[in-house]
Number of protein chains: 2
Amino acid sequence: DVAQDVNEGLIEEFLSEVDNVQIQENLRELTKVPHMATTAGDEQTVKLLLERWGDPESGLDQTWKEEYKVYLSFPDPKKPNKVTVVDSSNAVLYTAREKEKPYTDDQKDPAVVQPYAAYSPAGQVKGKLVYANQGKASDYQRLNQTGRNEKAINAAPFGVLGVLVYTDPLDINDGLMSDINETYPNSWYLPPSGVERGSFNTQFGDMLTPYLAAKEDTYRIPEEDITGIPPIPIQPIGFEDAYKLICELEGDPAPPEWQGARNCSYNFGGPGFKNTSAFNSSDVKLDIFNFQELKNSSNVMGVIRGSVEPDRYVIYGNHRDSWVHGAIDPSSGTSVMLEVTRVLGRMVKQGRWRPRRSIIFGSWGAEEFGLIGSAEYTEQYFTKLSERTIAYINVDIAVFANATLRASGMPSMQNVLFTAAKQVTAPGTETSVYENWLRYSNKTSPTHGEIPRMGYLTGAGSDYAAFVHYLGITSLDLSYTYDRTKTNARIYPAYHTAYDTFDYVDRFIDPGFVSHQAVARTAGNMMIRLADSLVLPLNCSDYAESLEDYLNRAVSLYEPKLKDISMEPLKQAVSSFRRAASHMDRMIHDSDLANETPMKARKINDQLMLLDRAFLDPLVFPDKYGFRHVIWASSSAGQSTFPGLADAFATANSTNDSKDWQKVHYHLSVLSQAIEGAAHILTDVI
Amino acid sequence: DVAQDVNEGLIEEFLSEVDNVQIQENLRELTKVPHMATTAGDEQTVKLLLERWGDPESGLDQTWKEEYKVYLSFPDPKKPNKVTVVDSSNAVLYTAREKEKPYTDDQKDPAVVQPYAAYSPAGQVKGKLVYANQGKASDYQRLNQTGRNEKAINAAPFGVLGVLVYTDPLDINDGLMSDINETYPNSWYLPPSGVERGSFNTQFGDMLTPYLAAKEDTYRIPEEDITGIPPIPIQPIGFEDAYKLICELEGDPAPPEWQGARNCSYNFGGPGFKNTSAFNSSDVKLDIFNFQELKNSSNVMGVIRGSVEPDRYVIYGNHRDSWVHGAIDPSSGTSVMLEVTRVLGRMVKQGRWRPRRSIIFGSWGAEEFGLIGSAEYTEQYFTKLSERTIAYINVDIAVFANATLRASGMPSMQNVLFTAAKQVTAPGTETSVYENWLRYSNKTSPTHGEIPRMGYLTGAGSDYAAFVHYLGITSLDLSYTYDRTKTNARIYPAYHTAYDTFDYVDRFIDPGFVSHQAVARTAGNMMIRLADSLVLPLNCSDYAESLEDYLNRAVSLYEPKLKDISMEPLKQAVSSFRRAASHMDRMIHDSDLANETPMKARKINDQLMLLDRAFLDPLVFPDKYGFRHVIWASSSAGQSTFPGLADAFATANSTNDSKDWQKVHYHLSVLSQAIEGAAHILTDVI
Ligand SMILES: [Ca+2]
Ligand SMILES: [Ca+2]
Ligand SMILES: [Zn+2]
Ligand SMILES: [Zn+2]
Ligand SMILES: [Zn+2]
Ligand SMILES: [Zn+2]
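Nothing here was measured: the structure is a model prediction, and the numbers come from that model. (Residues numbered from 1 in each chain as written. Chains lettered and ligands numbered in written order. Predicted model: local features only at pLDDT ≥ 70, side-chain atom pairs only at ≥ 80, totals over all residues. Heavy atoms only, no water.)

Colleague: What is the right way to look at the relation of the copies chain B and chain A in this model?
Modeller: Each of the two chain copies can be generated from the other by rotation about an axis followed by a shift along it. Relative to chain A, chain B is turned by 180° and slid 0.0 Å along the rotation axis, the superposed coordinates differing by an RMSD of 0.0 Å. What the rotation and shift describe, once combined, is the action of a two-fold rotation axis. Relative to the rotation axis, the closest C-alpha in chain B is found at Pro618(B), a distance of 3.4 Å. Taken as a fraction of all interface residues of chain B, those also at the interface in chain A reach 100%, which identifies the copy contact as same-surface. (Least-squares fit on C-alpha atoms with pLDDT ≥ 70 in both. Contact = heavy atoms within 4.5 Å.)

Colleague: Help me understand the interface of chain B and chain A in this model?
Modeller: When the parts of a complex come together, some accessible area is lost, and that lost area is often used as the size of the interface. Between chain B and chain A, the contact holds 54 residues from the first and 54 residues from the second. Summing both partners gives a buried area of about 4800 Å² for chain B against chain A, and 59% of it is carried by carbon and sulfur. The interface formed by chain B and chain A holds 4 salt bridges in total. As a salt-bridge pair, Arg602(A) and Asp606(B) come within 3.0 Å of each other at their nearest N and O atoms. Joining chain B to chain A, the criterion identifies 19 residue pairs in polar contact (both at pLDDT 80 or more). The set of elements that each furnish at least two residues to the side of chain B that touches chain A consists of strand 11 (309-319), strand 12 (357-364), helix 10 (372-380), helix 11 (382-388), helix 19 (598-610) and helix 21 (658-682) of chain B. Element by element, the count of residues in the side of chain B that touches chain A is highest for helix 21 of chain B, at 9 residues. Taken together, the residues that form the side of chain B that touches chain A break down as 24 nonpolar, 13 polar and 17 charged. (Buried area = accessible area lost by both parts, 1.4 Å probe. Salt bridge = Lys/Arg side-chain N within 4 Å of Asp/Glu carboxyl O. Polar contact = N/O pair within 3.5 Å; in protein donor to acceptor, adjacent residues only side chain to side chain. Helix = DSSP H or I, 4+ residues; strand = E, 2+ residues; numbered from the N terminus. Nonpolar A, V, L, I, M, F, W, Y, C, P; charged D, E, K, R; others polar.)

Colleague: Help me understand unusual backbone geometry, please; the structure alone is not making it clear to me.
Modeller: Among all residues save glycine, negative phi is the norm, and among peptide bonds the norm is trans. In this structure, Pro271(A) follows Gly270(A) across a cis peptide bond, with omega equal to 10°. Considering the arrangement of structural elements, one finds Pro271(A) in the loop between helix 8 (239-246) and strand 9 (283-288). Residues other than glycine seldom take positive phi values, yet Asn90(B) does so here, at roughly 70°. Of note, Asn90(B) is situated in the loop between strand 2 (82-86) and strand 3 (92-95). Overall, Asn90(B) belongs to the partly exposed group, its relative accessible area being 45%. (Buried < 20%, exposed > 50% of the residue type's maximum accessible area, 1.4 Å probe, protein only.)

Colleague: I'm lost on the coordination of the calcium ion (ligand 1) in this one. Help?
Modeller: Tetrahedral metal sites with four donors have an ideal angle of 109.5 degrees; octahedral sites with six donors have ideal angles of 90 or 180 degrees. Residue and element names in this part refer to chain A. Distances from the calcium ion (ligand 1) to its protein donors, namely Thr-209 (O), Thr-209 (OG1), Leu-212 (O), Glu-376 (OE), Glu-376 (OE) and Glu-379 (OE), fall within the range 2.2 to 2.5 Å. The site at the calcium ion (ligand 1) holds 6 donor atoms, and with the angles between them running 53 to 169°, its shape is irregular. In primary sequence terms, the donor set of the calcium ion (ligand 1) follows T-x2-L-x163-E-x2-E. (Donors = N, O, S within 2.8 Å, 3.2 Å for Na, K, Ca; no water. Tetrahedral: all angles 85-135°; square planar, octahedral: opposite > 155°, others 65-115°.)

Colleague: I tried to follow the environment of Cys264(A) on my own but got confused; where do I start?
Modeller: As for its position among the elements, Cys264(A) is in the loop between helix 8 and strand 9. Setting aside its immediate chain neighbours within four residues, Cys264(A) contacts Cys247(A) and Gln259(A).

Colleague: Please clarify how the pairing of strand 13 (residues 389-394) of chain B should be interpreted in this entry.
Modeller: Along any regular strand, the residues point their side chains to alternate faces of the sheet. All names here are of chain B. The buried fraction of strand 13 is high, at 6 of 6 residues. Direction of pairing for strand 13 relative to strand 17 (residues 475-481): parallel, over a ladder of 3 bridges. Looking at strand 17, one finds that Tyr-392 is bridged to Ser-475. (Pairing = 2+ DSSP bridges.)

Colleague: How should I be thinking about the sheet that holds strand 13 (residues 389-394) of chain A in this particular structure?
Modeller: Where strands meet in a sheet, backbone hydrogen bonds hold them as pairs that are either parallel or antiparallel. Residue and element names in this part refer to chain A. Overall, mixed pairing links the 7 strands, which are arranged 1-10-12-11-13-17-14 in an open sheet. Bordering the open sheet on either side are strand 1 (62-74) and strand 14 (404-409), each of which pairs with just one other strand. Each neighbouring strand pair of the sheet contributes to a mean axis angle of 20°, computed without reference to strand direction. Here strand 11 (residues 309-319) pairs with strand 13 via 5 bridges, running parallel. When the sheet's bridge partners are listed, Val-314 is paired in strand 13 with Ala-391. Where helix 16 (residues 514-532) meets the sheet, it contacts strand 11, strand 12 (357-364), strand 13, strand 14 and strand 17 (475-481), and its direction lies at approximately 160° from that of strand 17. (Axes fitted to C-alpha atoms, helices over the stretch in contact; angles between N-to-C directions.)

Colleague: Quick question: what am I supposed to make of the coordination of the zinc ion (ligand 6) here?
Modeller: Residues and elements named next belong to chain B. Those protein atoms acting as donors to the zinc ion (ligand 6) are Asp-329 (OD), Glu-368 (OE), Glu-368 (OE) and His-496 (NE2), and they sit at 2.0 to 2.5 Å. Around the zinc ion (ligand 6) sit 4 donor atoms; with metal-centred angles ranging over 57 to 150°, the donor geometry is irregular. Donor residues for the zinc ion (ligand 6) sit on one chain with the sequence pattern D-x38-E-x127-H. Here the zinc ion (ligand 6) and the zinc ion (ligand 5) are spaced 3.5 Å apart, with Asp-329 acting as a shared donor. In this pair, Glu-368 is assigned in the loop between strand 12 and helix 10 and His-496 in the loop between strand 17 and helix 15 (502-509), connecting sequence segments 128 residues apart.

Colleague: Got a minute to help me understand the pattern of salt bridges in this structure?
Modeller: Where charged atoms from two side chains of opposite charge approach closely, those side chains can pair. For the structure on display, the rule yields 70 salt bridges over all chains. The residue Arg197(A) makes a salt bridge to Glu100(A) at a minimum N-O spacing of 2.6 Å. Of this pair, Arg197(A) sits in the loop between helix 7 (169-172) and strand 7 (198-199) while Glu100(A) sits in the loop between strand 3 (92-95) and helix 4 (105-108); the two residues are 97 residues apart in sequence, bridging distant segments of the chain. A relative accessible area of 0% means that Arg197(A) is categorised as buried. Between Arg352(B) and Glu17(B) there is a salt bridge, and its shortest N-O distance comes to 2.7 Å. Here the residue Arg352(B) occupies a position in the loop between helix 9 (331-349) and strand 12, and Glu17(B) occupies one in helix 1 (residues 8-17), the gap between them amounting to 335 residues. Residue Glu17(B) is classed as buried on the basis of its relative accessible area of 17%.

Colleague: Please explain the packing of helix 19 (residues 598-610) of chain A against helix 19 of chain B as it appears in this structure.
Modeller: When two helices pack together, their arrangement is captured by the angle between the axes and the distance separating the axes. The geometry of helix 19 of chain A relative to helix 19 of chain B is characterised by a closest axis approach of 10 Å and an angle of 40° between their N-to-C directions. In terms of their interaxial angle, helix 19 of chain A and helix 19 of chain B are classed as oblique. Relative to helix 19 of chain B, the crossing made by helix 19 of chain A is right-handed. Contact with helix 19 of chain A, carried on its side by Pro598(A), Met599(A), Arg602(A) and Asp606(A), involves Pro598(B), Met599(B), Arg602(B) and Asp606(B) of helix 19 of chain B and no other residues of that element. Looking at the contact of helix 19 of chain A with helix 19 of chain B residue by residue, the class counts come to 4 nonpolar, no polar and 4 charged. (Parallel < 35°, antiparallel > 145°, perpendicular 65-115°, else oblique. Left-handed = near helix turned anticlockwise from the far one by under 90°.)

Colleague: When you look at the sheet that holds strand 14 (residues 404-409) of chain B in this model, what are you seeing that I'm missing?
Modeller: Residues and elements named next belong to chain B. With mixed pairing, the 7 strands of this open sheet are ordered in space as 1-10-12-11-13-17-14. Across the chains shown, the open sheet's two edge strands, defined by having one partner strand only, are strand 1 (62-74) and strand 14. Neighbour-to-neighbour, the strand axes of the sheet open up by a mean angle of 20°, direction not taken into account. Note that strand 1 and strand 10 (residues 291-304) share 13 bridges and pair antiparallel. Bridge pairing in strand 10 links Val-70 to Lys-295. Relative to the sheet, helix 9 contacts strand 10, strand 11 and strand 12, its axis offset from that of strand 11 by approximately 150°.

Colleague: Honestly, the state of the cysteines in this entry has me stumped. Any pointers?
Modeller: Linking two cysteines covalently via their sulfur atoms produces the bond known as a disulfide. Residues and elements named next belong to chain A. This structure, assessed with the given rule, holds 2 disulfides over all chains. Between the sulfur of Cys-247 and that of Cys-264 lies a disulfide, 2.0 Å long from S to S. Between Cys-247 and Cys-264, the disulfide has an S-S torsion of -75° and is therefore left-handed. With a gap of 17 residues between them, Cys-247 in the loop between helix 8 and strand 9 and Cys-264 in the loop between helix 8 and strand 9 connect regions that are remote in the sequence. The buried category is assigned to Cys-247, whose relative accessible area is 14%. Residue class for Cys-264 comes out partly exposed when judged on its relative accessible area of 22%. (Disulfide = S-S within 2.5 Å.)

Colleague: I would appreciate a short explanation of the pairing of strand 12 of chain A in the present structure.
Modeller: All names here are of chain A. Across the 8 residues that make up strand 12, a large majority, 8, are buried. One ladder, built from 5 bridges, connects strand 10 (residues 291-304) with strand 12; its direction is antiparallel. Paired with Ile-304 across the strands is Ile-359, a residue of strand 12. Pairing analysis gives 8 bridges linking strand 11 to strand 12, with the strands arranged parallel.

Colleague: What am I meant to see in the side chain of Arg220(A) here?
Modeller: Residue and element names in this part refer to chain A. By secondary structure assignment, the location of Arg-220 is in the loop between strand 7 and strand 8 (234-236). The side chain of Arg-220 is buried and forms no salt bridge, while Asp-206, the nearest opposite charge, is found at 4.8 Å. One polar contact links the side chain of Arg-220 to the main-chain carbonyl oxygen of Lys-215, over a distance of 3.1 Å. Within polar-contact distance, the side chain of Arg-220 engages the backbone oxygen of Thr-218 at 3.1 Å. (Lys, Arg positive; Asp, Glu negative; His and termini not counted.)

Colleague: Explain the environment of Phe289(B) to me, please; I cannot follow it from the model alone.
Modeller: Residue and element names in this part refer to chain B. On the secondary structure map, Phe-289 appears in the loop between strand 9 (283-288) and strand 10. Along the sequence, Phe-289 and Ser-120 sit 169 residues apart, while their C-alpha atoms lie 9.2 Å from each other. With residues up to four places along the chain from it excluded, the contact list for Phe-289 reads Phe-74, Asp-76, Lys-79, Pro-80, Asn-81, Ala-122 and Gln-124.

Colleague: Where do I start with helix 21 of chain B in this structure?
Modeller: Think of an α-helix as 3.6 residues a turn; residues three or four steps apart then line up on the same face. Residue and element names in this part refer to chain B. Look at helix 21: 36 Å from first C-alpha to last across 25 residues, which is about the 36 Å you get at 1.5 Å a residue. Most of helix 21 is tucked away, with 18 of its 25 residues classed as buried. Where helix 21 begins, the capping side chain belongs to Asp-657, and its oxygen is found 2.8 Å from the backbone nitrogen of Lys-659. (Expected span 1.5 Å × (residues − 1).)

Written out as structure tokens, the structure reads:
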């Protein structure tokens, strides 16, 4: 029925059918073996997804896989990467571990990949060790502010030959470091030999096929044209090995902020070791044998076809590939997704439900290598997706920890998330996920008063990136997370290590899988609302509030220094947007859409759906691959305001070059036009 | 009514109400004074448009003007540009005319702008005259193949200081040149003093505000960053003056193809004049005082609001500004537009009609300076227009001549144009505009057999450019034109001169204004069909036929020379597109859309509307401003096939550089992905 609205009874059915034990069993199944992208373990998960989504009792309408041929980087199992200390006659004085220490059978699986830095070049280099690059304040700042990938890129111009990275227990283990009783398997903390793997590239998507889907015959740029990967070898090691080296370093003590958890002085390095050390005058040697390879990576896709508006898509996705067993990253998300599809699929198969709009599920491949599967998908289906997608929901790591909901997304998603979160009970409490969240993290909204604090998707940390930044699709990233009064860990300690296993989740992260269940219920509730509501539950006035917040910050930070560049057009644009949003809300409120021509609801829904597309500008960030959304693009200025403006201002303010001030003006014009354009989408259509 | 289809009776009413005398009176009114962009005459036409479209009896629902502050170029009325022959002591031996010779009061109007080359830099230069640049074969080819604007750009590197341009009677007057009896006011041919004005820039839109609407506070690039305008002074002159110079030139006779209508030898130049000439050893001197200025230019907009789908737009536009009186260019089109709006407006005001979809009329400003008004409009409303526009119809010069219809556009517009053209009687015949057209220009279609030949919009010759190339909107450019058995004139002889007047049209171009009437009827008929049809009359199988034609040509031209670059993905993409188009046609044919959910027709219409958007790639032509449509972009290779591929192949084939061959591969991948993406738009939506 074309006038049918969302059915609250059906949402209750959905919530009651989401089963924590099913999620637990999903996770057990998904994490039996390591399933790094394109390995045999990954192929097994492809099969699993196809089977589950093809199930006649609880599957989806259609399921298929889509392959891309993508550029990946692996260590050589026959020539493992080595980190050694060698003396002047090349005698090996010390060898860092090649593999993490086993505590359960999981770590013993031969498919556990050696810790490595994907896209580090191969190379054999040796030299004197220093701590934290050149030890300069500028390096410290850079190291502190930049991501993992940029360490080697920043280091190279200073004559550095290779880079070792490790995570200090102070940053990941709340200072604890003993595997006798303090670390896994005795707690959730990282054992001394644990090593965080990762991909050391700065852009997302397959590196050889920018803006083109990586099919067999697709044009590929020459490898030498790749930018954003390390120019020198880099290798991650555990803190146990790191301390063996750091505590022997010569030179001045590094500043207090550089000291870690270990009870030794972290010195800068002579360069090199103390002459009182057994390593005196020795070099550290890196033998890195990583190699790049074109491999077939699959996305698994599943669909529930919409009844009334099949040409409108609500998309839900997560990556499938892990570094090792990936129980949390990404299988907690995949377990949740499989439970959501099981319950929704069964409702469809039993004839209890068919959504108004189509729902697409995506199990993305090769995320760990740079969000590759999702990026290739958006490149291949760019126009279709941008014309038809209502929203994208990403649940990668579903449960970082079991304390509270965490969400980041476009402000227009806030309201539907709040509605859903109010209808789900928070595990371990008598209260709702919403109320629980409000306790942990909140802010004061001019319109709503005290509400939970939702973040923005300004980075490229998971598969939402291509949807947000390249396609301009209204998106949300959802998970359960920490009680920050209980831990300062940068992320859950087993992240990207061989300890991210079913056992780890089952015992330390979410015993009983009730936080997983809460995430599944919240996400599924939103999906049903997005798919079934007569008027899309996207709130443009909440978007206005965020734009006003960004504007206020921009005005107070920049206007006093702008001289003859006016911020008036930007102010006018934001107030046009607010006016248009209020108008839209009023129109929705004053309409009796179920009894008017169905074209009226469709018109309003198209306005809401396409709103974010107005913020795209494919030319404004020429140096940032895939970033086109002028409100949410990444920024290095560290200000919670319009990113292009913030970066341009930071540059101009430091150089005071008139060309740089012109760029500030340029970004102001881009923003004003985009925000006015978005307001035009919301105002009466003609 | 949501299921209402187009009403044929209403189309008949429209056709019968379109009045040739009204069009004649429109033209008389519009051409009373010169109305170059932003002059007082232009302001008068703004007022006229606002009045007509605001008329309570026959106006539109809403009318307004939108101003842009744009960068224009004018000669200085106080210091007219001068072309002289001066001897070594700077004595003036000859002065070219400053103004065209008056034959009617029109030429005497003080508002007639002196002939000039807009965007030619000011400058005073003198030197020896040569004919056709360096006289080399390569120059000849370049001169022959390229547009007016590139002449000075190409000349500068050869040490040329300034350029004179003129049009030879052989090219414009079928060889005739005497104003005693052969030329206007005795015929439509150009008098000896007639000079074609023009804008000498290569990109469209306001040059200072690429991709941003040129509002008051908009960021403007520095003038020195402008590309695509002449680096040296350039001035157009009449053939009378040109002959005074050419016939005195020293040097070898230019090749036969370079000889013109004048009965003298066109020599290359010594450089300079014959020593037997009175000009012996004299220089030609150019004193150019053009200046640039930011001026407010208006678009006038008018709207008829749609009843069922107000958020779908059918747009009809033409520029309003002329060089002088612009009776043909553009006022023939404006007169037609005003008659279309009068008849449609009256039908609306009398309650006889309201279109299903909204209709937008645009009277663009400053087209003559580089399609500025329409380009700024598309920049300002980019997202809104790209999401909602069904089609754009451009009628600039409505009547070049009174022989036959001429049309260029996206192939999907062919069918609705044919339908409309079959319902209109061709002036001076007993047959339809369609049958008449078929006699003048035809081709054999594999599907349809013999049909009139419709062209493609691969250039930027009028205001369709921003719609086609920047927005990817299905467009059509329409006019009445020549009997090519009767004239070889490059364009109607008074083009861009002071002779393009009401008198000229009334006596020589379209006495009785019946060709104008036929264009108004054909265009209006299409508009009603596009606005009212339940299923949009856009035929995707005709698009497939054009893609197949392009593919066949590309395969035969390029495949033998491509070695290890495969054309298979492109072949597959085109056949995917054909399959999807056939499927779409079958689905439309098999549906009973008036009795199914209205969402089904909307879905199909969205597929048809958005098809062309799939062909956009904002990054593929980085050096061509505004060109994003990978099928219809301009090309310099001179092949009727995919433009990016053709240009890349031409380069690679001439350099044989592997990087250039890689670009061929790149363009093949871009095309394959775009065409597959378009096929995805047409196939079942999920
Ligand atoms: Ca790619
Ligand atoms: Ca502009
Ligand atoms: Zn992940
Ligand atoms: Zn990860
Ligand atoms: Zn024109
Ligand atoms: Zn013109």
